[in-house]
Amino acid sequence: MTTKQFVKEHLGKELFRTDDGFVKVFGEEYTKSGILNEALNQARVEETDLNIPRIKAIEVVDGKWSIVMDYIEGTTLSELMRQHPEKEDEYLDLFVSLQRTVLSKRVPMLNKLKDKMQGRISEANLDATTRYDLHTRLDSLPKHYNLCHGDFHPSNIIITADGTPYIIDWAHATQGNASADVARTYLMFYLEGKEQLAEKYLKLYCLKSDTAKQYVQKWIPIVAASRLTKAKPEEDEFLRRWIGVVDYE
């Protein structure tokens, strides 16, 4: 009989480790379509050569949908950065290199990032003038088809004992402009109160990818607005400040 060990609860999901894998059990606030879409996103990304957990099954137990996947034994990059602050630059370099690898891939069956952002902006609790401005700015930015993780953060990278990095949590994967994904990571660091790390990250990414910093910054108000619909109450004021920046310099 398979044993199941509770790991933690996160955003309405219960996470368990089993004898041969890892199980993510979704609460009733998650729709069937959303859960199946998350599994489909991950399955599509599996078709690249990236190191990610492989989906084993989708199950319904006691009326709750769950995704069964590989368990990756290791330590998150965020935990390593916390444990070894003297290695921050080394870990940040690895982080940016991994993100560039992800963004170099193509997964043409994924949803379009621009479409998702347009929908989120329409749903955001913003006045019509602000929404119009954001829609117009988003329309004006180039259409790209890079694999975008959607939540690329050191907590979603697991380093195994032999040093192999695995990237987890592909629920928000889309295809779109790389700089939008970078802008989202930048904002996540800021939301954690890590302003210096955010600026160091952006500078390093732009240097390694030969991307103009100003180009990434054009995406920041748009990404902030698209996150607003899913934001925690304590994030709302912060995101609105970024949305209000017409031309971030």
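Quick caveat: nothing in here was measured; it's all calculated off a predicted structure.

Enquirer: Break down the sheet that holds strand S5 (residues 64–69) for me, citing the residues and quoting the values.
Expert: Spatially, the 5 strands line up as an open sheet ordered S1-S2-S3-S5-S4, and their pairing is antiparallel. This sheet does not close on itself; its edge strands, each paired only once, are strand S1 (4–10) and strand S4 (55–61). Recorded for the sheet is a direction-independent mean angle of 20 degrees between the axes of neighbouring strands. When S4 meets S5, the two strands line up antiparallel, connected through 6 bridges. Bridge pairing links Val60 to Trp65 in S5.

Enquirer: Help me get a handle on helix H5 (residues 128–140), residues and values and all.
Expert: Note: α-helices contain 3.6 residues per turn, so residues at a spacing of three or four share the same orientation. The terminal C-alpha atoms of H5 lie 18 Å apart, and with 13 residues this matches the ideal 18 Å at 1.5 Å per residue to within 8%. Turning to H5, its buried residues number three or more, namely Leu134, His135, Arg137 and Leu138. Along the axis of H5, the buried positions cluster into a sector of 165 degrees, meaning they face one direction only. Every exposed residue of H5 that faces more than 90 degrees away from the buried side is listed here: Ala128, Thr129, Tyr132, Asp139 and Ser140. On its buried face, H5 sits against helix H4 (113–123), helix H8 (213–228) and helix H9 (236–243). The N-capping residue of H5, defined by a side-chain oxygen 3.1 Å from the backbone nitrogen of Thr129, is Asp127.

Enquirer: How would you sum up the pattern of salt bridges? Please name residues and give values.
Expert: Counted under the stated rule, the structure contains 14 salt bridges. Taking the shortest distance from any N to any O, the salt bridge between Arg17 and Glu73 comes out at 3.2 Å. One end of the pair, Arg17, is in strand S2 (residues 13–18); the other, Glu73, is in the loop between S5 and strand S6 (75–76), with 56 residues separating them in the sequence. The class of Arg17 is partly exposed, set by a relative accessible area of 32%. Where Glu79 meets Arg82, a salt bridge forms, and the shortest distance between an N and an O atom there is 2.6 Å. Linking Glu79 with Arg82, this pair stays in helix H2 (residues 77–83), spanning 3 residues, or about one helical turn. Residue Arg82 is classed as exposed on the basis of its relative accessible area of 58%.

Each value, and the rule that gives it
Residues numbered from 1 in each chain as written. Predicted model: local features only at pLDDT ≥ 70, side-chain atom pairs only at ≥ 80, totals over all residues. Heavy atoms only, no water. Pairing = 2+ DSSP bridges. Helix = DSSP H or I, 4+ residues; strand = E, 2+ residues; numbered from the N terminus. Axes fitted to C-alpha atoms, helices over the stretch in contact; angles between N-to-C directions. Expected span 1.5 Å × (residues − 1). Buried < 20%, exposed > 50% of the residue type's maximum accessible area, 1.4 Å probe, protein only. Arc of directions from axis to C-beta. Contact = heavy atoms within 4.5 Å. Polar contact = N/O pair within 3.5 Å; in protein donor to acceptor, adjacent residues only side chain to side chain. Salt bridge = Lys/Arg side-chain N within 4 Å of Asp/Glu carboxyl O.

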